[in-house]
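Chains, contacts and geometry: an overview
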Amino acid sequence: MHLVKNLLTLSLTQFIISYLMRQYHQINHALQKVLNSQCFSKSVVLKELFKHLVEKSVKGEDLNEVDIAYEVFGKKHDQDKEVNIRIYVFNLRKKLHEYYEKEGQNDEIVFSIPKGNYEVDITVNRKLIWKSRMVKFSPVLLVFSVLFMALTFIVNHSEKRPEITRSFLWNGIYKSDYPLLIVLGDHYFVLARNKMGQLGTTRYTHINSDNDFNSLLSELPETQNDFLKTDQTYINKQAPFAMYKVLSFLGGNQVDIDMRYSSDLQWEHLAKNNTLFIGSYKTQGILKDIFEKTGIYFNIDESEVSYTHNDSTEVFQSRQSEFLSKEFASLIHFTTNDSRIVMALMCNTDLGNIALVKHISEPENLEKLKEYALNFPNDNFRAIFEVSGQKQTDFKIQLKYIDPITIDIDEIWP
């Protein structure tokens, strides 16, 4: 049994890695096509600059003039003569515009650099992709159209299966014009010096973002040499499981989906996106203050969830024994003033979100939630569930409370 569960978790993780690797290879192929084009054939410097900006943007790393000057042009920070990066980027924008006006008209992946930024935007021409697929498979369209008509007849004359994406909770994301940003809660690792004076990778539950790390150093300046940032991170088993579930009914080009880790999340990443956070209470990062204002607070030291209900606060504590574990998972859902949807699925251990994601993937459970939500003034609400199980296997999930979010969303969402 344990082997089956381990293999399932591994396969889900491999699925996500494979999905992300395919995206990376497609972007790299599109990048090489631009670099090898006639438009860029005589622009060696712009080619190097463009390659650098794309690679940094894909990794989600910060871009600034000083680092670009040093890493692309080899100019050290203390040199008197600095490279005018803005001029080079301006010329790069013009060159990209020229490329897409001529050679790149039919490119499926399009690169652009917004004014005032150095980060490269990468967009997909879905209409062009669909058109190319249609042309490629045109010889067999007749056969499939006949099969489709037959299947349509059968489906229309049988009991229809409910579609998750057209159900309560997911319907807004499915119909939205905004893309979906999935934020996976990851654990923030730091390099810390031990008693032997050696630096090693470790995890502190109170440090979940760069802001938390910088706050620690500002409060304890004497520890500057004892704590260092690291690029290492870690996600729990709930992350690949939840991603698999969400992609199974929102993927397949039904919804434009992107992903980020909570430790790398910045406010600008949330602009013009619907947002779905999936993670433990410990990994909320910069979203923590927002979610707490909706009425859900987590005490890391005591593993307690405080939930505000009817103007009073009830405290739920996760409990673990040799045979049974119990924890409390939370669901938050609200809409911003510009019609963007924000959802959060939060838990203490993997058990909570694995159960919660499965629960809200079933149409009958969504209908029950909808019955409660119909009594609220809008679709801004929060809920808490009690989950019983062992390790990553849930036995039972029960809705404890569901309440409207009464605070003005404009006051908490940037």
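Here we summarise the structure given alongside this text. (Residues numbered from 1 in each chain as written. Predicted model: local features only at pLDDT ≥ 70, side-chain atom pairs only at ≥ 80, totals over all residues. Heavy atoms only, no water.)

1. Regarding the side chain of Ser330
Of note, Ser330 is situated in strand S13 (residues 325-335). Overall, the relative accessible area of 0% leaves Ser330 in the buried class. Side chain to side chain, Ser330 and Tyr281 meet in a polar contact 2.6 Å long. Beyond its immediate chain neighbours, meaning those up to four positions away, Ser330 contacts Tyr281, Ile296, Val305, Ala344, Leu345, Met346, Leu356, Ala383 and Ile384. (Helix = DSSP H or I, 4+ residues; strand = E, 2+ residues; numbered from the N terminus. Buried < 20%, exposed > 50% of the residue type's maximum accessible area, 1.4 Å probe, protein only. Polar contact = N/O pair within 3.5 Å; in protein donor to acceptor, adjacent residues only side chain to side chain. Contact = heavy atoms within 4.5 Å.)

2. Examining empty space enclosed by the protein
Summary: where empty space remains is shown by rolling a probe the size of a single water molecule over the atoms. Counting across every chain of the model gives one cavity of 30 Å³ or more. Taken together, Gly185, His187, Ile235, Asn236, Gln238, Ala239, Ile278, Gly279, Ser280 and Thr283 make up the full set of residues lining the largest cavity. Elements with a contribution of two residues or more to the lining of the largest cavity: helix H9 (238-250) and strand S8 (274-280). Of the residues forming the lining of the largest cavity, the biggest block, three residues, is contributed by S8. Split by residue class, the lining of the largest cavity holds three nonpolar, seven polar and no charged. (1 Å grid on protein atoms, 1.4 Å probe; cavity = no way out; pocket = protein on both sides within 12 Å on 5 of 7 lines; lining within 4 Å. Points joined across faces, edges and corners; volume = space filled by probe spheres on them. Nonpolar A, V, L, I, M, F, W, Y, C, P; charged D, E, K, R; others polar.)

3. As for the sheet that holds strand S9 (residues 296-299)
Across the sheet, three strands lie side by side as S9-S10-S11; this open sheet has antiparallel pairing. This sheet does not close on itself; its edge strands, each paired only once, are S9 and strand S11 (312-317). When the angles between neighbouring strand axes are averaged without regard to direction, this sheet yields 25 degrees. Two strands pair when backbone bridges link them, and strand S10 (residues 304-309) and S11 are joined in this way by six bridges, in the antiparallel orientation. Along S11, the bridge assignment pairs Val305 with Phe316. (Pairing = 2+ DSSP bridges. Axes fitted to C-alpha atoms, helices over the stretch in contact; angles between N-to-C directions.)

4. Let's talk about the pattern of salt bridges
Scanning the model with the defined rule gives nine salt bridges in all. In this structure, Glu98 and Lys102 form a salt bridge, with 3.6 Å as the shortest nitrogen-oxygen distance. With a relative accessible area of 28%, Glu98 lands in the partly exposed category. Looking at Lys102, the relative accessible area reads 54%, which means it is exposed. With a shortest N-O distance of 3.0 Å, Asp338 and Arg340 are connected by a salt bridge. (Salt bridge = Lys/Arg side-chain N within 4 Å of Asp/Glu carboxyl O.)

5. So, the packing of aromatic side chains
Applying the stated criterion across every chain yields a total of eleven aromatic pairs. Centroid distance Phe40 to Phe50: 6.1 Å. Interplanar angle 25 degrees. Geometry classified as stacked. Residue Phe40 is found in the loop between helix H1 (2-35) and helix H2 (44-59), and its partner Phe50 is found in helix H2; the two are separated by ten residues along the sequence. By relative accessible area, Phe50 is classed as buried at 0%. Here Phe334 and Trp413 contribute two aromatic rings whose centre-to-centre distance is 5.8 Å and whose plane-to-plane angle is 70 degrees, an arrangement assigned as edge-to-face. (Phe/Tyr/Trp six-rings, centres within 6.5 Å; stacked < 30°, edge-to-face > 60°.)

6. Let's talk about unusual backbone geometry
We note that Ser303 has phi near 55 degrees; this positive angle belongs to a residue other than glycine. Locating Ser303 in the fold gives a position in the loop between S9 and S10. Residue classification places Ser303 among the partly exposed residues on the basis of a relative accessible area of 23%. The backbone phi angle of Asp311 is positive, close to 65 degrees, even though this residue is not glycine. We classify Asp311 as exposed; its relative accessible area is 83%.

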